[in-house]
Amino acid sequence: MNIEKLIMSDRYSNSEQLLERALKSIPLGSQTFSKSMTQFPHGVSPYFAKKAKGARLWDVDGNEYIDFINGLLSVSIGYADGAILEAVKQQIDNGVTFSLSHQLEIEVAEKLIDLVPCAEMVRFGKNGSDSTSAAIRLARAYTQKDVVLVCGYHGWQDWYIGSTTRNLGVPEATRSLTQVFKYNDIASFDTLVEQFKGQIAAVIMEPMNVEYPASGFLEHIRRVTKDENIVMVFDETITGCRFAKGGAQELFCVIPDLATFGKGIGNGFPLSAVMGKKEIMSLMEDIFYSGTFAGETSSLAAANVVLDKVKNEGVCEHLETLGLELKQRVLKLIAQYDLEDYLDCVGHPSWSFLLFKGSKDITAFEMKTFYMQEMFKVGILTFGTHNLSFAHTSEDIDSLLKHYEEFFMSLSECIKSGQLVDRLECDVLVPLFKVR
């Protein structure tokens, strides 16, 4: 091993020791795919966090990072926010899970109804998968039909994951009931509607991911679902209270029948919600959707504060303003280094993506691996997304762009020489699975 590799290995020595230990008791050494060694290249990555505050995270080796992952977008306000922690601590002193329901369930549901255009009734869960699966069961109960059309990522449950390459363990009978259409491709949607005419219970989709919706795309799906008695579900697990107070449905003025929110509504405390029209949500009385911890009050206490901040403190406006500055400056740097054929920055300002296109000699995943390796070295925690929180500042963006300029310069040199692999101190990442 050369000196540079030895130095980098020392930088993450505690993380790597913990990973070695974790692998003996935990598959992949992590509870979450996106936090595991499948997504963080071994030898050049931190794997375990020690603490976090605001927009910063410290790993178990004491390295400090400006965090642009933010708990996979679950930290919307900022790590260890004072007002949220105070509310949670007060609630913990009075108990967390009870033998009866708690008033916080009503208060948080009412705040979501106030914010979200489609919301007339609300039920809580813990992960996005809880709420998306509840929405599908509701849609099937309401329409008395079985087929589901999907577009985007909707969690780990059989009904969805069976439509991806990660379908091991999902029965073929279940897989056949879920069909995938392409985002911004009306023809691919209409083809499935015609093919499964009269059989479709729900269309569930991320209203936006990497791309903005093309003119008329969401409106077309809304019109067809109404005409065909199909429940339209917006999976706003990420976009809810981020793209706008009421989510992407508010931003794009397309109102679904049901929506699922999650991630940031608890600022890292586990909480998700399914909400929508009363006539559909009322079927919760007949289907079985129930969880011991759905009304757990520390997460609801956190959400109670988060939703107030979203409504009153300009959270979404801050994310958009800061994110717009970030995107514009990244695109300017890409142009400055003549990298337009190899890089792009896309997505909503509050959740944008640095896309690697690859070159004749260098694959996109080689570029991304090199990027993560170099970013981690300089204290930027990212895997190609800019997941902003209310705690991020213009100074954080300045730091990010300073290191981007250094990286773009190095990447430009690699592209010109056709050599990048020799700059890697680790194996190249491989994709988990492709959603779109």
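Please read all numbers here as calculations on a predicted model, not as lab measurements.

Novice: Describe empty space enclosed by the protein, and please don't skip the residues or the numbers.
Specialist: If a probe the size of a water molecule is rolled over the atoms, the empty space left behind becomes visible. Inspection of the entire model under this criterion finds two cavities of 30 Å³ or more. Estimates place the volume of the largest cavity at around 70 Å³. The wall of the largest cavity is formed by Leu-73, Ser-76, Ile-238, Gly-240, Cys-241, Arg-242, Lys-263, Gly-264, Ile-265, Val-306, Val-310 and Val-315. In terms of residue class, the lining of the largest cavity is built from seven nonpolar, three polar and two charged. Of the voids in this model, the second largest cavity is the one considered here, and its volume is about 40 Å³. Around the second largest cavity, the lining residues are Lys-145, Val-193, Lys-197, Gly-198, Gln-199, Ile-200, Glu-228 and Ile-230. In terms of residue class, the lining of the second largest cavity is made up of three nonpolar, two polar and three charged.

Novice: Lay out the nonpolar core in plain terms, naming residues and giving numbers.
Specialist: Leu-112, Phe-124, Met-275, Val-330, Tyr-404 and Phe-408 are the most contacted members of the largest nonpolar core, which has 77 residues in total. Broken down by element, the residue count for this core peaks at nine residues, all from helix α16 (residues 394-417). Leu-112 has contacts with Ala-119, Val-122, Phe-124, Phe-261, Ala-273, Met-275 and Leu-307, leaving out every residue within four places of it along the chain. Within the second largest apolar cluster, 29 residues are counted, among which are Cys-151, Phe-189, Met-205 and Phe-353.

Novice: Which residues make up the sheet that holds strand β1 (residues 49-53), and what values do they have?
Specialist: Taken in spatial order, the four strands line up as β1-β2-β3-β13 in an open sheet, and their pairing is mixed. A single partner strand is all that each edge strand has here, and the edge strands are β1 and β13 (380-381). With three bridges connecting them, strand β2 (residues 56-59) and strand β3 (residues 64-67) associate as antiparallel partners. Each bridged residue has a counterpart across the sheet, and for Leu-57 the counterpart in β3 is Tyr-65.

Novice: Can you lay out helix α6 (residues 128-143) for me, pointing to particular residues and giving the numbers?
Specialist: Residues three or four positions apart in an α-helix share a direction because the helix packs 3.6 residues into each turn. For α6, spanning 16 residues, the distance from its first C-alpha to its last is 23 Å, which sits close to the expected 22 Å at 1.5 Å a residue. One or two positions beyond α6, positive phi appears at Gln-144, with a value near 60 degrees.

Novice: Go over the packing of helix α9 (residues 186-195) against helix α10 (residues 217-227), please, and point to the residues and values.
Specialist: Between two packed helices, both the angle of their axes relative to each other and the distance between the axes serve to describe the pair. The geometry of α9 relative to α10 is characterised by a closest axis approach of 11 Å and an angle of 10 degrees between their N-to-C directions. Relative to α10, the element α9 lies roughly parallel. Seen along the crossing, α9 lies across α10 with a hand that is right-handed. Together, Ile-186, Phe-189, Asp-190 and Val-193 of α9 and Phe-217, His-220, Ile-221 and Val-224 of α10 make up the contact between the two elements. Per-class residue counts for the contact of α9 with α10 are six nonpolar, one polar and one charged.

Novice: Residue-level account of the sheet that holds strand β7 (residues 200-205), with values.
Specialist: Pairing is mixed across the open sheet formed by seven strands, whose spatial order is β4-β10-β9-β8-β7-β5-β6. The open sheet terminates on both sides in strands that have one partner only, identified here as β4 (121-125) and β6 (178-180). The average angle at which neighbouring strand axes cross in this sheet is 20 degrees, direction not considered. Bridge count for strand β8 (residues 231-236) against strand β9 (residues 258-261) is four bridges, and the pairing is parallel. Counted as the bridge partner of Val-233 is Leu-258 from β9.

Novice: Tell me about the environment of Tyr-12, and please be specific about residues and values.
Specialist: Position of Tyr-12 among the secondary structure elements: in the loop between α1 (3-11) and α2 (13-22). Classification of Tyr-12 as buried rests on a relative accessible area of 0%. Taking the C-alpha atoms as reference, Tyr-12 lies 8.2 Å from Tyr-47; in sequence the two are 35 residues apart. Those residues in contact with Tyr-12 that lie beyond four places of it in its chain are Gly-43, Val-44, Ser-45, Pro-46, Asp-59, Asp-61, Asn-63, Tyr-65, Phe-376 and Lys-377.

Novice: Describe in detail the layout of surface pockets, supporting the description with residues and values.
Specialist: Its boundaries defined by the atoms lining it, the second largest pocket holds a volume of some 600 Å³. Lining the second largest pocket are 33 residues; nearest its centre among them are Lys-35, Tyr-47, Phe-48, Ala-49 and Leu-57. Contributing elements (two or more residues each) for the lining of the second largest pocket: α2, β1, β2 and α3 (70-73). The class makeup of the residues in the lining of the second largest pocket is 18 nonpolar, nine polar and six charged.

Novice: Break down the environment of Asp-344 for me, with residues and values.
Specialist: By the element assignment, Asp-344 lies in strand β11 (residues 343-348). For Asp-344, a relative accessible area of 25% corresponds to the partly exposed category. A sequence separation of 123 residues divides Asp-344 from Ile-221, and the C-alpha atoms of the two residues are 28 Å apart. Residues contacting Asp-344, with those up to four places away along its chain left out, are Leu-331, Ile-334, Phe-353, Leu-354, Leu-355 and Lys-357.

Novice: Would you mind going over the packing of helix α14 (residues 315-336) against α16 in detail, with residue names and values included?
Specialist: Two elements in contact, α14 and α16, have axes whose closest approach is 10 Å; the angle formed by their N-to-C orientations is 15 degrees. If you check the angle between α14 and α16, you find them roughly parallel. Where α14 crosses over α16, the two elements pack in a sense that is right-handed. Facing α14, whose interface residues are Leu-322, Glu-325, Leu-326, Arg-329, Val-330, Leu-333, Ile-334 and Gln-336, α16 presents Ser-394, Ile-397, Asp-398, Leu-400, Leu-401, Tyr-404, Glu-405 and Phe-408. Here the contact of α14 with α16 is composed, by residue class, of ten nonpolar, two polar and four charged.

Conventions used here
Residues numbered from 1 in each chain as written. Predicted model: local features only at pLDDT ≥ 70, side-chain atom pairs only at ≥ 80, totals over all residues. Heavy atoms only, no water. 1 Å grid on protein atoms, 1.4 Å probe; cavity = no way out; pocket = protein on both sides within 12 Å on 5 of 7 lines; lining within 4 Å. Points joined across faces, edges and corners; volume = space filled by probe spheres on them. Nonpolar A, V, L, I, M, F, W, Y, C, P; charged D, E, K, R; others polar. Core = buried A, V, L, I, M, F, W, Y, C linked by side-chain atoms within 4.5 Å. Buried < 20%, exposed > 50% of the residue type's maximum accessible area, 1.4 Å probe, protein only. Helix = DSSP H or I, 4+ residues; strand = E, 2+ residues; numbered from the N terminus. Contact = heavy atoms within 4.5 Å. Pairing = 2+ DSSP bridges. Expected span 1.5 Å × (residues − 1). Axes fitted to C-alpha atoms, helices over the stretch in contact; angles between N-to-C directions. Parallel < 35°, antiparallel > 145°, perpendicular 65-115°, else oblique. Left-handed = near helix turned anticlockwise from the far one by under 90°.

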